[in-house]
Amino acid sequence: MNAVMHGGDGTLSIEVDTGMLVLEIKDAGPGIDDVELAMQAGYSTAKDEHREMGFGAGMGLPNMKKNSDEILVDSKKNEGTKVRMVFYLNQGEKRD
Ligand SMILES: Nc1ncnc2c1ncn2[C@@H]1O[C@H](COP(=O)(O)OP(=O)(O)O)[C@@H](O)[C@H]1O
Ligand SMILES: [Mg+2]
């Protein structure tokens with residue numbers, strides 16, 4: 001949803017291995033000014049039209065971090081955003 005709402009459009013790829021899943025979402029949108037701030041719960045620049053559809057709670061990135069084993073947010077202003085998440089399979093709870 002972030003790639004669509006904030007990035008305008010994007011691509012999603014998933015790599016499936018015996019021990020892990022790697023999910024990569026890329027867009028060539030406006031990019032994120034301050035990734036650390038964007039990762040904070042509740043921070044959102046979503047527009048009213050997004051909120052009207054039930055998005056824009058500012059919990060997308062925090063929940064992606066919480067629910068993945070590894071997350072990399074690589075973003076450059078005016079160039080776009082890449083989010084890569086790794087999910088290890090059959091290893092029980094997340095280790096920090
Ligand atoms: N792909 C993206 N392109 C540009 N900005 C983004 C992108 N993903 C996230 N952001 C920025 O990070 C903020 C927080 O994202 P998120 O936690 O998913 O909350 P929400 O989407 O509800 O606003 C967004 O409001 C936006 O400012
Ligand atoms: Mg979001």
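In what follows, the structure referred to is the one given above.
Residues numbered from 1 in each chain as written. Chains lettered and ligands numbered in written order. Predicted model: local features only at pLDDT ≥ 70, side-chain atom pairs only at ≥ 80, totals over all residues. Heavy atoms only, no water.

## Focus on a nonpolar patch on the surface
Residues Met1, Val4, Met53 and Phe55 make up a contiguous nonpolar surface patch of about 410 Å² in total accessible area. The residue Val4 is located in helix H1 (residues 2-5) in this model. (Patch = residues over 30% accessible without salt bridge, like charges linked within 9 Å, V, L, I, M, F, W, Y side chains within 5 Å. Areas by Shrake-Rupley, 256 points an atom, 1.4 Å probe, with all protein chains shown as cover. Salt bridge = Lys/Arg side-chain N within 4 Å of Asp/Glu carboxyl O. Helix = DSSP H or I, 4+ residues; strand = E, 2+ residues; numbered from the N terminus.)

## Some remarks on the layout of surface pockets
Taken as a whole, the largest pocket holds about 910 Å³ of empty space. Together, 37 residues line the largest pocket, and Asn2, Met5, His6, Ile32 and Leu61 are the ones closest to its centre. Of all elements in the fold, only H1, strand E1 (11-16), strand E2 (20-27), helix H2 (35-38), helix H4 (60-67) and strand E4 (80-88) reach the threshold of two or more residues within the lining of the largest pocket. Looking at side-chain class alone, the lining of the largest pocket contains 19 nonpolar, 13 polar and five charged residues. (1 Å grid on protein atoms, 1.4 Å probe; cavity = no way out; pocket = protein on both sides within 12 Å on 5 of 7 lines; lining within 4 Å. Points joined across faces, edges and corners; volume = space filled by probe spheres on them. Nonpolar A, V, L, I, M, F, W, Y, C, P; charged D, E, K, R; others polar.)

## As for the environment of Ile25
Along the chain, Ile25 falls in strand E2. In this structure the C-alpha to C-alpha distance between Ile25 and Leu89, which are 64 residues apart in sequence, comes to 20 Å.

Keep in mind that these numbers describe shape and distance, not what the molecule does.
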